[in-house]
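Coordinate analysis (summary)
Residue strings, one per chain:
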Amino acid sequence: VTPFSLVMTTVEAPIVAFSTGAIIVDCVPVRNPSPLPSASSATSHGTSQPNTLPTSRRVLGGGCLHATVGSVLATIFHRQPRGSIGMASRIGKGLSDDHMSTIQAFGVDMAGVKRLDFIQPETQISFAPDGTASYQFNDLDSFRTNFRTQPEDVPDSYIQGAIHLFAGPERCMSLMTALRHRGHTGLALLEPAPPCCVPEQLEPTLQCAQHVDILTPNLTEAKALLGLAPGKKGVEQLGSVGIEQEIVDVATQLSSLANSTLVVIRCGALGCIAIHTQYGSIRVPAAKAAVVDETGCGNTFCGALMTSLAHQFVHCDREGEQVDAQFRAPNGDKVKSCHVSTSTCSRVSSAQCHSPVSNWLRFDITLKQLELALQVASTAAGHTLQHVGVLPPSALPSAPELQKQVASCIISK
């Protein structure tokens, strides 16, 4: 039996969405440290000391935490309480008090976070000349054995929330089977783990996709799953007509195999494409942001996409009462509420979203809702792009700031 203790930080709010996966401390190299004027600098006592610039930083990371930040950003945009976001993850010995305080400062529910009696997972990140990152774990075997989210880590209070899965197909199926057995009916988004994005895992991934609502690899991962040549990687190549056509071709091919599952492919500087075999595709541009570190941007995008959609659904009250779902349009105007009876546990579209397009997901959803969620996700990813490690709680934007940024994302179909 794995020893653990609960991190009892709970917030009194219905859980709308939660993420699974890891919370990791990343040791990130300082790639372009600013040089000091000379090889030595004077101290206040008039003596000198060597110029020893730091070569790395220890920052919070991990798919679960980055996705949770995306969920928080989407929650700020929709003007909902941060306590409606949960985490189902595991942390170990050695996580500093400062790092723990940072996690708690996001204000999310942490009833699903367990502290284990094992060393906290850490990675040493290195970058190839083309910008590709590689990760070296301090103890990979311990991480795989002890720190992957298990079905029993998900509290009963989370069971109706939308779920973000950052996993390979085997773990995804294990989690979803157990959670559906416990009564989970919420939205499910699968962000496939990069090591599992290989041609041999295509069929298991497609089988798993039938049990989730959204499959969202990045472009490189989607091509790897399909067995296509990786091609050039780098922002400078992404503006070509050839790459634009490649994005459409890859998205179309993966969507045709995924059948009724909505496929969203993240394309870095070219934004994203959402595609469904029956209803066509939507393109959303990338947010305009200074690129500091790409690590975690995809996780942030996925968390924000899932949570924005979840906030736009009318959630069922457990006691069977009708509940309101009030939202705001991107300009901040209030939108008329709508009601749903929990006798059927159905989900209906918000009144703000006309021109209904049913069955993009298992739920009733409109094209406008999906467009808005993609815009929110793109904007959220742009915020993570501007920071090394997880976005600090102090850097979270206000709702008006987010709404202005989201409104600047011009979609195309």
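Residues numbered from 1 in each chain as written. Predicted model: local features only at pLDDT ≥ 70, side-chain atom pairs only at ≥ 80, totals over all residues. Heavy atoms only, no water.

**Observations regarding the pairing of strand 8 (residues 109–119)**
- Looking at chain direction, strand 7 (residues 85–93) and strand 8 are connected through six bridges and run parallel. Residue pairing in the sheet places Ser89 in a bridge with Val113 of strand 8.
- Where the polypeptide runs from strand 7 across helix 2 (residues 97–105) and back to strand 8, its parallel neighbour, the crossover connection is right-handed. (Pairing = 2+ DSSP bridges. Helix = DSSP H or I, 4+ residues; strand = E, 2+ residues; numbered from the N terminus. Right-handed = clockwise from strand over helix to strand, strands pointing away.)

**As for the packing of aromatic side chains**
- Taken as a whole and judged by the stated rule, the model has two aromatic pairs.
- Their ring planes at 45 degrees and their centres at 5.2 Å tell us that Phe18 and Tyr158 sit as a pair that is tilted. Pair noted here: Phe18 is in strand 2 (residues 17–20) and Tyr158 is in the loop between helix 3 (140–146) and strand 11 (162–167), with a separation of 140 residues, a long-range link. Taken individually, Phe18 and Tyr158 each receive the classification buried, so the pair is uniform in this respect. (Phe/Tyr/Trp six-rings, centres within 6.5 Å; stacked < 30°, edge-to-face > 60°. Buried < 20%, exposed > 50% of the residue type's maximum accessible area, 1.4 Å probe, protein only.)

**Thoughts on helix 5 (residues 202–209)**
- By the burial criterion, the buried members of helix 5 are Leu202, Thr205, Leu206, Cys208 and Ala209. One side of helix 5 carries all its buried residues, which in axial view fall inside an arc of 160 degrees. (Arc of directions from axis to C-beta.)

**Points about the pattern of salt bridges**
- Summed over the entire model, instances satisfying the criterion amount to nine salt bridges.
- With its nearest N and O atoms 3.0 Å apart, the salt bridge here joins Asp153 to Lys114. Here Asp153, found in the loop between helix 3 and strand 11, pairs with Lys114, found in strand 8; they are 39 residues apart in sequence, far enough to count as distant.
- For Lys114, a relative accessible area of 8% puts it in the buried group.
- Lys223 serves as the salt-bridge partner of Glu246, at 2.7 Å between the closest nitrogen and oxygen. Of this pair, Glu246 sits in helix 7 (residues 241–258) while Lys223 sits in helix 6 (residues 219–226), placing them 23 residues apart in sequence.
- Owing to a relative accessible area of 23%, Glu246 belongs among the partly exposed residues under this scheme. (Salt bridge = Lys/Arg side-chain N within 4 Å of Asp/Glu carboxyl O.)

**Thoughts on the nonpolar core**
- In this structure, Met87, Ile103, Val264, Phe301, Leu305, Leu309 and Leu374 are the most contacted members of the largest nonpolar core, which totals 57 residues.
- Counting 38 residues, the second largest nonpolar core, distinct from the first, contains Met176, Val212, Leu226 and Ala258. (Core = buried A, V, L, I, M, F, W, Y, C linked by side-chain atoms within 4.5 Å.)

**Points about the packing of helix 8 (residues 297–312) against helix 9 (residues 367–385)**
- Where helix 8 meets helix 9, the axes come as close as 7 Å, and the angle between the chain directions of the two elements is 145 degrees. Taken as a pair, helix 8 and helix 9 cross one another with a handedness that is right-handed. On helix 9, the residues touching Cys297, Thr300, Phe301, Ala304, Leu305, Ser308, Leu309 and Gln312 of helix 8 are Gln369, Leu370, Leu372, Ala373, Leu374, Val376, Ala377, Ser378, Ala380, Ala381, Thr384 and Leu385. (Axes fitted to C-alpha atoms, helices over the stretch in contact; angles between N-to-C directions. Left-handed = near helix turned anticlockwise from the far one by under 90°. Contact = heavy atoms within 4.5 Å.)

**Describing the side chain of Thr205**
- For Thr205, the location among the structural elements is in helix 5.
- A polar side-chain atom of Thr205 sits 2.6 Å from the main-chain carbonyl oxygen of Gln201.
- When residues no more than four places from it in sequence are discounted, the contact partners of Thr205 are Pro169, Leu215 and Leu225. (Polar contact = N/O pair within 3.5 Å; in protein donor to acceptor, adjacent residues only side chain to side chain.)

**Looking at the environment of Thr68**
- The topology assignment puts Thr68 in helix 1 (residues 63–77).
- Sequence-wise, Thr68 and Val108 are 40 residues apart; in three dimensions their C-alpha atoms are separated by 8.3 Å.
- Here Thr68 is in contact with Ser19, Ile85, Gly86, Met87 and Val108, once residues within four sequence places are set aside.

**Structural notes on the confidence of the model for the chain**
- Summarising the model, the chain shows a mean pLDDT of 78, and 74% of its residues fall at 70 or more.
- Scored below 50 in pLDDT, residues 33–54 makes 18 contacts in the model with residues more than four places away or belonging to other chains.
- Scored below 50 in pLDDT, residues 314–360 shows 116 contacts in the model against residues more than four places distant or in partner chains. (pLDDT = per-residue confidence, 0-100.)

**A short note on helix 9**
- For helix 9, with 19 residues, the first-to-last C-alpha span of 27 Å sits near the 27 Å given by 1.5 Å per residue.
- In terms of burial, helix 9 is a largely internal element, 17 of the 19 residues being buried. (Expected span 1.5 Å × (residues − 1).)

**A short note on the packing of helix 4 (residues 169–181) against helix 5**
- At a closest axis distance of 9 Å, the pairing of helix 4 and helix 5 adopts a crossing angle of 25 degrees. With respect to each other, helix 4 and helix 5 are oriented roughly parallel. The handedness of the crossing between helix 4 and helix 5 is left-handed. Along its contact with helix 4, which presents Pro169, Cys172 and Met173, the element helix 5 presents Pro204, Thr205, Gln207 and Cys208. (Parallel < 35°, antiparallel > 145°, perpendicular 65-115°, else oblique.)

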